[in-house]
Amino acid sequence: MGPFTCLIERANPSILVVDDVPSNLELMEAVFSREGFKVYTALGATAAIDMFTQHPVDLAVLDVMMPGIDGFELCSRLKDISGKRFFPVILLTALTDKKSKLRGIESGADDFISKPFDTAELIMKIKSLLKVKSLNDELDHSENIIMTLAVAMEARDPYTKGHSSRVSKLSADFVLYLALPEKDRQEMKKAGILHDIGKICLSESLLRKPGPLTKEEVEMIKTHTILGEDLCRPLVSMKNILPAIRHHHERWDGMGFPDGLAGEDIPLMARILSIVDAFDAMVSVRPYRDRRSVKETIGTMVSEQFSGQWDSELLSYFIDMVSSLINKGYKVDA
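About the cut-offs
- Residues numbered from 1 in each chain as written.
- Predicted model: local features only at pLDDT ≥ 70, side-chain atom pairs only at ≥ 80, totals over all residues.
- Heavy atoms only, no water.
- Helix = DSSP H or I, 4+ residues; strand = E, 2+ residues; numbered from the N terminus.
- Buried < 20%, exposed > 50% of the residue type's maximum accessible area, 1.4 Å probe, protein only.
- Areas by Shrake-Rupley, 256 points an atom, 1.4 Å probe, with all protein chains shown as cover.
- Salt bridge = Lys/Arg side-chain N within 4 Å of Asp/Glu carboxyl O.
- Phe/Tyr/Trp six-rings, centres within 6.5 Å; stacked < 30°, edge-to-face > 60°.
- Expected span 1.5 Å × (residues − 1).
- 1 Å grid on protein atoms, 1.4 Å probe; cavity = no way out; pocket = protein on both sides within 12 Å on 5 of 7 lines; lining within 4 Å.
- Points joined across faces, edges and corners; volume = space filled by probe spheres on them.
- Nonpolar A, V, L, I, M, F, W, Y, C, P; charged D, E, K, R; others polar.

Draft legend 1. Structural context of the overall build of the protein. When helices and strands are counted, the protein shows 15 helices and five strands. For the protein, with 334 residues in total, the buried portion stands at 43%. As displayed, the protein has an accessible area near 17100 Å², and 56% of this comes from carbon and sulfur atoms.

Structural data, given as C-alpha coordinates:
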(Lines give C-alpha, C1' and ligand atoms only; values in the text may rest on other atoms or scores of the structure.)
Protein backbone atom coordinates (compact mmCIF):
# COMPACT_ATOMS: atom_id res chain seq x y z
CA MET A 1 0.00 0.00 0.00
CA GLY A 2 1.56 3.29 -1.16
CA PRO A 3 1.53 6.67 0.61
CA PHE A 4 -1.18 8.08 -1.64
CA THR A 5 -3.46 5.10 -0.91
CA CYS A 6 -3.12 5.81 2.80
CA LEU A 7 -3.87 9.48 2.17
CA ILE A 8 -6.99 8.61 0.21
CA GLU A 9 -8.27 6.27 2.90
CA ARG A 10 -7.64 8.78 5.68
CA ALA A 11 -9.26 11.62 3.79
CA ASN A 12 -12.35 9.48 2.99
CA PRO A 13 -12.91 11.03 -0.47
CA SER A 14 -16.40 11.71 -1.70
CA ILE A 15 -17.84 10.65 -5.05
CA LEU A 16 -20.83 12.10 -6.87
CA VAL A 17 -22.69 9.46 -8.91
CA VAL A 18 -25.22 10.63 -11.49
CA ASP A 19 -27.64 8.42 -13.41
CA ASP A 20 -31.31 8.63 -14.37
CA VAL A 21 -31.94 4.98 -13.40
CA PRO A 22 -32.42 4.49 -9.60
CA SER A 23 -31.25 0.86 -9.64
CA ASN A 24 -27.94 1.90 -11.24
CA LEU A 25 -27.43 4.50 -8.54
CA GLU A 26 -28.12 1.95 -5.80
CA LEU A 27 -25.63 -0.49 -7.31
CA MET A 28 -22.82 2.07 -7.60
CA GLU A 29 -23.52 3.50 -4.15
CA ALA A 30 -23.13 0.02 -2.67
CA VAL A 31 -19.90 -0.64 -4.61
CA PHE A 32 -18.28 2.68 -3.70
CA SER A 33 -19.40 2.60 -0.06
CA ARG A 34 -17.70 -0.80 0.37
CA GLU A 35 -14.46 0.84 -0.80
CA GLY A 36 -14.73 3.44 1.96
CA PHE A 37 -15.87 6.37 -0.20
CA LYS A 38 -18.55 8.82 0.85
CA VAL A 39 -21.18 8.68 -1.90
CA TYR A 40 -23.59 11.34 -3.10
CA THR A 41 -26.20 10.27 -5.66
CA ALA A 42 -28.27 12.34 -8.06
CA LEU A 43 -31.08 11.37 -10.47
CA GLY A 44 -30.16 13.67 -13.33
CA ALA A 45 -28.07 16.74 -14.03
CA THR A 46 -30.08 19.39 -12.19
CA ALA A 47 -29.95 17.48 -8.92
CA ALA A 48 -26.26 16.76 -9.52
CA ILE A 49 -25.36 20.45 -9.88
CA ASP A 50 -27.27 21.26 -6.68
CA MET A 51 -25.47 18.44 -4.87
CA PHE A 52 -22.10 19.53 -6.23
CA THR A 53 -22.49 23.12 -5.06
CA GLN A 54 -23.67 22.10 -1.58
CA HIS A 55 -21.21 19.33 -0.69
CA PRO A 56 -17.43 18.80 -0.94
CA VAL A 57 -17.06 16.37 -3.85
CA ASP A 58 -13.70 14.94 -4.97
CA LEU A 59 -14.73 13.08 -8.13
CA ALA A 60 -17.81 12.48 -10.28
CA VAL A 61 -19.01 9.38 -12.13
CA LEU A 62 -21.57 10.39 -14.75
CA ASP A 63 -23.82 8.35 -17.00
CA VAL A 64 -23.75 9.78 -20.51
CA MET A 65 -27.23 8.88 -21.75
CA MET A 66 -29.58 10.97 -19.62
CA PRO A 67 -32.66 12.93 -20.74
CA GLY A 68 -32.36 16.72 -20.89
CA ILE A 69 -28.81 17.62 -19.89
CA ASP A 70 -26.70 14.62 -20.86
CA GLY A 71 -23.44 13.46 -19.26
CA PHE A 72 -21.27 15.37 -21.74
CA GLU A 73 -22.94 18.69 -20.94
CA LEU A 74 -23.01 17.98 -17.19
CA CYS A 75 -19.28 17.18 -17.24
CA SER A 76 -18.59 20.49 -18.94
CA ARG A 77 -20.71 22.39 -16.40
CA LEU A 78 -19.08 20.72 -13.39
CA LYS A 79 -15.65 21.56 -14.80
CA ASP A 80 -16.70 25.20 -15.26
CA ILE A 81 -17.98 25.41 -11.68
CA SER A 82 -14.68 23.91 -10.44
CA GLY A 83 -12.72 26.69 -12.15
CA LYS A 84 -8.96 26.17 -11.96
CA ARG A 85 -9.27 23.45 -9.32
CA PHE A 86 -8.64 19.97 -10.72
CA PHE A 87 -11.88 18.01 -10.49
CA PRO A 88 -11.81 14.53 -12.08
CA VAL A 89 -14.81 13.21 -14.00
CA ILE A 90 -15.39 9.67 -15.32
CA LEU A 91 -18.04 9.09 -17.98
CA LEU A 92 -19.96 5.82 -18.08
CA THR A 93 -21.18 5.12 -21.59
CA ALA A 94 -22.44 2.39 -23.87
CA LEU A 95 -21.34 4.56 -26.79
CA THR A 96 -18.09 3.37 -28.29
CA ASP A 97 -17.94 5.35 -31.54
CA LYS A 98 -15.11 7.81 -32.17
CA LYS A 99 -17.45 10.83 -32.32
CA SER A 100 -18.73 10.15 -28.78
CA LYS A 101 -15.19 9.73 -27.45
CA LEU A 102 -14.16 13.05 -29.01
CA ARG A 103 -17.21 14.76 -27.54
CA GLY A 104 -16.28 13.38 -24.12
CA ILE A 105 -12.74 14.76 -24.45
CA GLU A 106 -14.12 18.15 -25.48
CA SER A 107 -16.37 18.18 -22.41
CA GLY A 108 -13.28 17.76 -20.19
CA ALA A 109 -13.77 14.13 -19.12
CA ASP A 110 -10.71 12.54 -17.51
CA ASP A 111 -11.60 8.92 -18.30
CA PHE A 112 -14.22 6.68 -19.89
CA ILE A 113 -15.69 3.37 -18.77
CA SER A 114 -17.82 1.24 -21.11
CA LYS A 115 -21.13 -0.19 -19.93
CA PRO A 116 -21.63 -2.74 -18.55
CA PHE A 117 -18.60 -1.76 -16.46
CA ASP A 118 -16.08 -3.93 -14.70
CA THR A 119 -16.17 -2.97 -11.00
CA ALA A 120 -12.47 -3.57 -10.39
CA GLU A 121 -11.50 -1.45 -13.40
CA LEU A 122 -13.77 1.41 -12.32
CA ILE A 123 -12.42 1.38 -8.74
CA MET A 124 -8.83 1.32 -10.03
CA LYS A 125 -9.45 4.34 -12.28
CA ILE A 126 -11.18 6.23 -9.47
CA LYS A 127 -8.25 5.67 -7.11
CA SER A 128 -5.78 6.66 -9.80
CA LEU A 129 -7.56 9.96 -10.49
CA LEU A 130 -7.88 10.67 -6.76
CA LYS A 131 -4.10 10.28 -6.44
CA VAL A 132 -3.65 12.87 -9.17
CA LYS A 133 -6.15 15.18 -7.47
CA SER A 134 -4.37 14.77 -4.13
CA LEU A 135 -1.06 15.73 -5.74
CA ASN A 136 -2.64 18.76 -7.46
CA ASP A 137 -4.22 19.93 -4.20
CA GLU A 138 -0.87 19.58 -2.44
CA LEU A 139 0.89 21.62 -5.14
CA ASP A 140 -1.80 24.33 -4.98
CA HIS A 141 -1.37 24.48 -1.21
CA SER A 142 2.42 24.77 -1.51
CA GLU A 143 2.06 27.53 -4.10
CA ASN A 144 -0.32 29.44 -1.85
CA ILE A 145 2.14 29.20 1.04
CA ILE A 146 5.08 30.57 -0.95
CA MET A 147 2.95 33.32 -2.49
CA THR A 148 1.82 34.33 1.00
CA LEU A 149 5.44 34.36 2.16
CA ALA A 150 6.34 36.75 -0.67
CA VAL A 151 3.59 39.19 0.30
CA ALA A 152 4.43 38.87 4.02
CA MET A 153 8.08 39.61 3.31
CA GLU A 154 7.23 42.90 1.62
CA ALA A 155 4.82 43.89 4.36
CA ARG A 156 7.81 44.18 6.75
CA ASP A 157 9.09 47.17 4.81
CA PRO A 158 6.88 50.20 4.05
CA TYR A 159 9.20 51.11 1.17
CA THR A 160 8.63 47.86 -0.72
CA LYS A 161 5.07 47.02 0.36
CA GLY A 162 3.03 46.15 -2.72
CA HIS A 163 6.05 46.17 -5.05
CA SER A 164 5.77 42.53 -6.16
CA SER A 165 2.00 42.74 -6.62
CA ARG A 166 2.42 45.80 -8.85
CA VAL A 167 5.26 44.18 -10.79
CA SER A 168 3.13 41.05 -11.20
CA LYS A 169 0.13 42.96 -12.58
CA LEU A 170 2.10 45.27 -14.86
CA SER A 171 4.24 42.39 -16.18
CA ALA A 172 1.11 40.37 -16.96
CA ASP A 173 -0.40 43.42 -18.69
CA PHE A 174 2.80 43.80 -20.71
CA VAL A 175 2.68 40.15 -21.80
CA LEU A 176 -0.90 40.75 -22.95
CA TYR A 177 0.23 43.90 -24.79
CA LEU A 178 2.92 41.85 -26.56
CA ALA A 179 0.21 39.36 -27.66
CA LEU A 180 1.99 36.42 -26.02
CA PRO A 181 -0.04 33.30 -25.07
CA GLU A 182 -2.31 33.28 -22.00
CA LYS A 183 -0.11 30.60 -20.46
CA ASP A 184 2.81 33.07 -20.52
CA ARG A 185 0.65 35.74 -18.89
CA GLN A 186 -0.28 33.42 -16.02
CA GLU A 187 3.36 32.43 -15.48
CA MET A 188 4.40 36.09 -15.62
CA LYS A 189 1.94 36.87 -12.82
CA LYS A 190 3.62 34.23 -10.64
CA ALA A 191 7.12 35.39 -11.57
CA GLY A 192 6.24 38.98 -10.70
CA ILE A 193 5.01 38.03 -7.25
CA LEU A 194 8.01 35.81 -6.54
CA HIS A 195 10.92 37.60 -8.26
CA ASP A 196 12.27 38.95 -4.95
CA ILE A 197 11.26 36.01 -2.72
CA GLY A 198 14.96 35.28 -2.06
CA LYS A 199 15.17 38.46 0.02
CA ILE A 200 13.25 36.66 2.74
CA CYS A 201 16.57 34.93 3.51
CA LEU A 202 18.36 38.28 4.05
CA SER A 203 18.38 40.39 7.21
CA GLU A 204 15.78 43.13 7.56
CA SER A 205 18.41 45.65 8.66
CA LEU A 206 20.35 45.08 5.43
CA LEU A 207 17.31 45.46 3.21
CA ARG A 208 16.19 48.66 4.99
CA LYS A 209 19.60 50.30 5.38
CA PRO A 210 19.10 53.99 4.44
CA GLY A 211 22.72 54.87 3.67
CA PRO A 212 25.18 53.56 1.08
CA LEU A 213 25.86 49.83 1.14
CA THR A 214 29.33 48.39 1.51
CA LYS A 215 30.73 46.21 -1.26
CA GLU A 216 30.08 43.12 0.88
CA GLU A 217 26.48 44.19 1.52
CA VAL A 218 25.87 44.73 -2.18
CA GLU A 219 27.16 41.24 -2.95
CA MET A 220 24.95 39.82 -0.20
CA ILE A 221 21.82 41.45 -1.66
CA LYS A 222 22.72 40.15 -5.12
CA THR A 223 22.36 36.60 -3.80
CA HIS A 224 18.57 37.03 -3.55
CA THR A 225 18.17 35.90 -7.18
CA ILE A 226 19.84 32.54 -6.52
CA LEU A 227 18.17 32.16 -3.11
CA GLY A 228 14.78 32.79 -4.72
CA GLU A 229 15.42 30.17 -7.37
CA ASP A 230 16.43 27.68 -4.68
CA LEU A 231 13.28 28.38 -2.65
CA CYS A 232 10.96 27.80 -5.61
CA ARG A 233 12.80 24.90 -7.27
CA PRO A 234 11.14 22.09 -5.24
CA LEU A 235 7.72 23.02 -6.68
CA VAL A 236 7.19 21.41 -10.08
CA SER A 237 4.59 24.05 -10.93
CA MET A 238 7.27 26.76 -10.58
CA LYS A 239 9.66 25.17 -13.08
CA ASN A 240 8.91 27.55 -15.93
CA ILE A 241 9.40 30.71 -13.87
CA LEU A 242 12.75 29.77 -12.28
CA PRO A 243 14.78 31.46 -15.08
CA ALA A 244 12.86 34.72 -14.54
CA ILE A 245 13.55 34.67 -10.79
CA ARG A 246 17.24 33.92 -11.27
CA HIS A 247 17.94 36.29 -14.18
CA HIS A 248 15.78 39.39 -13.65
CA HIS A 249 18.89 41.41 -12.73
CA GLU A 250 20.90 40.44 -15.81
CA ARG A 251 21.74 43.29 -18.19
CA TRP A 252 21.54 43.37 -21.98
CA ASP A 253 25.26 44.27 -22.11
CA GLY A 254 26.22 41.28 -19.94
CA MET A 255 27.18 43.36 -16.89
CA GLY A 256 24.36 42.12 -14.68
CA PHE A 257 24.10 39.27 -12.18
CA PRO A 258 24.18 36.45 -11.17
CA ASP A 259 25.52 34.86 -14.38
CA GLY A 260 26.50 37.78 -16.61
CA LEU A 261 24.14 36.71 -19.41
CA ALA A 262 23.85 39.10 -22.35
CA GLY A 263 21.38 39.89 -25.12
CA GLU A 264 18.92 37.19 -26.11
CA ASP A 265 20.69 34.67 -23.88
CA ILE A 266 18.67 36.31 -21.11
CA PRO A 267 15.25 34.56 -20.93
CA LEU A 268 12.43 36.72 -22.30
CA MET A 269 10.47 36.55 -19.03
CA ALA A 270 13.52 37.84 -17.15
CA ARG A 271 13.96 40.71 -19.66
CA ILE A 272 10.33 41.70 -19.11
CA LEU A 273 10.75 41.57 -15.34
CA SER A 274 13.93 43.64 -15.53
CA ILE A 275 12.08 46.49 -17.23
CA VAL A 276 8.94 46.40 -15.06
CA ASP A 277 10.94 45.94 -11.84
CA ALA A 278 13.07 48.99 -12.63
CA PHE A 279 10.01 51.04 -13.59
CA ASP A 280 8.18 50.29 -10.33
CA ALA A 281 11.30 50.95 -8.27
CA MET A 282 11.68 54.39 -9.87
CA VAL A 283 8.06 55.42 -9.31
CA SER A 284 8.09 54.21 -5.69
CA VAL A 285 9.39 55.87 -2.53
CA ARG A 286 12.72 54.50 -1.32
CA PRO A 287 14.72 55.22 1.88
CA TYR A 288 17.26 57.20 -0.14
CA ARG A 289 14.90 59.26 -2.35
CA ASP A 290 11.30 60.29 -3.05
CA ARG A 291 9.24 58.72 -5.79
CA ARG A 292 9.41 59.99 -9.35
CA SER A 293 6.36 60.67 -11.48
CA VAL A 294 5.41 58.16 -14.16
CA LYS A 295 6.18 60.69 -16.89
CA GLU A 296 9.56 61.47 -15.38
CA THR A 297 10.37 57.78 -15.08
CA ILE A 298 9.41 57.11 -18.69
CA GLY A 299 11.60 60.06 -19.71
CA THR A 300 14.52 58.54 -17.82
CA MET A 301 13.99 55.14 -19.44
CA VAL A 302 13.82 56.72 -22.88
CA SER A 303 17.11 58.54 -22.29
CA GLU A 304 18.73 55.30 -21.06
CA GLN A 305 17.11 53.01 -23.63
CA PHE A 306 20.43 52.12 -25.26
CA SER A 307 22.56 52.26 -22.11
CA GLY A 308 22.94 48.49 -22.04
CA GLN A 309 20.65 47.80 -19.10
CA TRP A 310 17.59 46.61 -21.00
CA ASP A 311 16.50 45.00 -24.22
CA SER A 312 15.98 48.25 -26.15
CA GLU A 313 13.35 46.83 -28.51
CA LEU A 314 11.36 45.36 -25.65
CA LEU A 315 11.69 48.62 -23.73
CA SER A 316 10.26 50.57 -26.65
CA TYR A 317 7.12 48.41 -26.52
CA PHE A 318 6.89 48.94 -22.76
CA ILE A 319 7.23 52.72 -23.18
CA ASP A 320 4.47 52.67 -25.81
CA MET A 321 2.21 50.68 -23.48
CA VAL A 322 2.75 52.90 -20.42
CA SER A 323 2.45 56.06 -22.52
CA SER A 324 -0.95 54.87 -23.74
CA LEU A 325 -1.92 54.13 -20.13
CA ILE A 326 -0.87 57.62 -19.06
CA ASN A 327 -3.17 59.05 -21.71
CA LYS A 328 -5.98 57.00 -20.15
CA GLY A 329 -5.26 58.43 -16.68
CA TYR A 330 -2.98 55.64 -15.40
CA LYS A 331 -1.75 56.11 -11.81
CA VAL A 332 0.81 54.19 -9.80
CA ASP A 333 -0.36 53.26 -6.31
CA ALA A 334 3.07 53.08 -4.71
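Picking up after the structure, the text goes on.
Draft legend 2. Up close: the pattern of salt bridges. For the structure on display, the rule yields 22 salt bridges. Residue Lys133 pairs with Asp58 through a salt bridge whose shortest N-O separation is 3.5 Å. Of this pair, Lys133 sits in helix H6 (residues 119–155) while Asp58 sits in the loop between helix H3 (45–54) and strand E3 (59–63); the two residues are 75 residues apart in sequence, bridging distant segments of the chain. Its salt-bridge partner being Glu187, residue Lys183 comes within 3.2 Å of it at the nearest N-O pair.

Draft legend 3. The arrangement of the packing of aromatic side chains in detail. Tallied over the entire structure, the rule returns three aromatic pairs. Relative to Phe318, the ring of Phe174 lies with its centre 5.4 Å away and its plane at 75°, an arrangement referred to as edge-to-face. Placement of the pair is Phe174 in helix H7 (residues 163–177) and Phe318 in helix H15 (residues 312–327), with a sequence separation of 144 residues. Here Phe174 matches Phe318 in class, with each residue buried. With 5.4 Å between their ring centres and 75° between their planes, Phe279 and Phe318 make a pair best called edge-to-face. Here Phe279 is found in helix H13 (residues 268–283), whereas its partner Phe318 is found in helix H15, with 39 residues between them in sequence.

Draft legend 4. A look at helix H8 (residues 182–194). Here H8 contains 13 residues, and its C-alpha end-to-end distance of 19 Å stays within 8% of the 18 Å for a straight helix at 1.5 Å per residue. Arg185, Glu187, Met188, Ala191, Gly192, Ile193 and Leu194 are the residues of H8 that are buried.

Draft legend 5. Representation of empty space enclosed by the protein in the model. Inspection of every chain in the model, using the stated rule, returns one cavity of 30 Å³ or more. Looking at the largest cavity, its volume works out to about 50 Å³. Lining of the largest cavity is provided by His247, Glu250, Arg251, Trp252, Ile266, Ala270, Arg271, Ser274, Gln309, Trp310 and Asp311. Looking at the lining of the largest cavity, the element that brings in the most residues is H13, giving three residues. Partitioned by chemical class, the residues of the lining of the largest cavity number four nonpolar, three polar and four charged.

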